[in-house]
Amino acid sequence: MDKLSDRVKRLGYSQTFVMSNKAREMKAAGIDVISLTLGEPDFDVPDNIKQSAFDAINQNYSHYSPVPGFLELREAVANKLKRDNNLDYKPAQICVSNGAKQAILNVLASVINDGDEVLLPAPYWVSYDEMVKMMGGNSVMLPTSYVTDFKITAEQLEEAITDKTKAILFSSPCNPSGGYYTYDELKSMAKVIAKYPHVTVISDEIYEYINYETKTTSIAQFPEVYEQTAVINGMSKAFAMTGWRIGYSACPEWLAKACEKIQGQMTSGANTVAQRASITALQTDPSEYKYMIDAFQKRRDLVYDLMKEIPGFKVLLPKAAFYFFPDISHYIGKTLNGTEIKDSDDFAMFLLEKAHVGCVGGVSFGSPECIRFSYAASEEDLREAMKRIKDVLAPFN
């Protein structure tokens, strides 16, 4: 008898962690690997946030919180959404979760039945498709490319919506492309979605603050889709709190109640100390943490200049987040030093083994012709990584 469920057999492993673990193994074996795999800020948590955690411990915040989070934190989230996004939410519409990943799963579990379709503009974060599978849904990929700035159009969206469509899930700013949808682009998409009240929008805005051009627009700002939209955000990227595992959703009340019900049977409330520290983070003026964004922008500009010199790479200047997602289709179908490159996963493994630079192939992002590099690393490592890649590819051009 097979002891594993069909559900778990449907799932794949996160390619991000596969490549990260491979890089760690090589480092442990004494190989000098530069890993640009994980989407994790390389900064320490700001001191005022850490102090709030110490205070919470001393104040004995060691018991269960309400399932959707402390009221004070949900109020801080609501105030942040009003301050930064001009969005009106009540604390009852907020559900604080164990990371933004759980917040997305709560929403999917609340709206997806077996066989329902979820639209995924590609490229998408690697976990989206697996999350849909976990909930029994089917992903429908909406392709984009380097030429379209890795963004779908409202027309493309309307063509994809059917009676089976239950949700659309996307990130803006986008992991992995580093792009974002503009106000006008989201307005056009909102007009389309409003025609289909059976469709729920899941808007992952975790990279909201890491935007080098303008303030990020949330699709929830458009009144015609407010009651259809779940806004997802969290503490990991802007506040370098990846290990603290605090995310949240802001939803219409019907959906917020469903998320609370799901979470109540899964994990209950999130870590209480991390919740108290998150109150301080959200109440602090975002300008206090801008030094991290400025550092990312400097690294972005550095890597862009270096990556443009790598033969066979077609690269866009990322406008947000901390990733590059170059098109490397020039190398697909070729054999490099005995390695057949069938797709970008093969190419990423080639770079890891031959250049000792870790990145993530684009297959699990829905873009098999691209690879993702995180530039949340030191300038020294970024310079060396780009040099290694350029050198290892030179004989093949």
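Numbering of residues begins from 1 in every chain and follows the order in which that chain's sequence is written. Per-residue local features are limited, in this predicted model, to residues with pLDDT of at least 70; the limit for side-chain atom pairs, both in listing and counting, is 80 or more; totals at the level of whole chains, interfaces and linings are taken over all residues. Hydrogens and waters are ignored; side-chain quantities use all the structure's heavy atoms.

Draft legend 1. Inspection of the packing of helix 4 (residues 71-85) against helix 10 (residues 272-283) at higher detail. Here, axes are lines fitted to C-alpha atoms. For helices the fit covers the stretch in contact, and angles between N-to-C directions go from 0 to 180 degrees. A helix here means a DSSP run of H or I that spans at least four residues, while a strand means a run of E at least two residues long, and both kinds are numbered starting from the N terminus. Where helix 4 meets helix 10, the axes come as close as 9 Å, and the angle between the chain directions of the two elements is 25°. Considered as vectors, helix 4 and helix 10 are oriented roughly parallel to each other. The way helix 4 lies across helix 10 gives a crossing that is left-handed. Contacts between helix 4 and helix 10 involve Glu72, Leu73, Ala76, Val77, Lys80 and Arg83 from the former and Gln275, Arg276, Ser278, Ile279, Leu282 and Gln283 from the latter. Throughout this description, any angle smaller than 35 degrees is read as roughly parallel, any larger than 145 degrees as roughly antiparallel, any in the 65 to 115 degree range as roughly perpendicular, and the remainder as oblique. With the far helix as reference, a near helix turned anticlockwise by less than a right angle produces a left-handed crossing, and one turned clockwise produces a right-handed crossing. Between two residues, a contact is recorded if the distance between any of their heavy atoms is within 4.5 Å.

Draft legend 2. Region of the structure containing the side chain of Lys80. Mapped onto the fold, Lys80 is located in helix 4. Throughout, exposure labels follow a simple rule: accessible area from a 1.4 Å probe, protein chains only, divided by the maximum for the residue type, with under 20% read as buried, over 50% as exposed, and the rest as partly exposed. According to the relative accessible area criterion, Lys80 is buried, its value standing at 1%. Setting aside its immediate chain neighbours within four residues, Lys80 contacts Asn85, Glu208, Tyr209, Asn233, Tyr248 and Leu282.

Draft legend 3. Here's a closer look at the state of the cysteines. Two cysteine sulfur atoms make up a disulfide if the distance between them is within 2.5 Å. A full pass over the atoms with the stated rule returns 0 disulfides. Cysteine Cys95 remains unbridged, with the sulfur of Cys259 as its closest cysteine sulfur at 5.8 Å.

Draft legend 4. Examining the sheet that holds strand 9 (residues 323-324) more closely. Strands pair, by our definition, only if DSSP identifies at least two bridges between them. Strand order across the open sheet formed by 3 strands is 9-14-13, with antiparallel pairing between neighbours. Of all strands in the sheet, those with a lone pairing partner are strand 9 and strand 13 (360-361), marking the two edges. The pairing of strand 13 with strand 14 (residues 371-374) spans 2 bridges and is classified as antiparallel. When the sheet's bridge partners are listed, Gly361 is paired in strand 14 with Ile371.

Just geometry here; none of it tells us what the structure is for.
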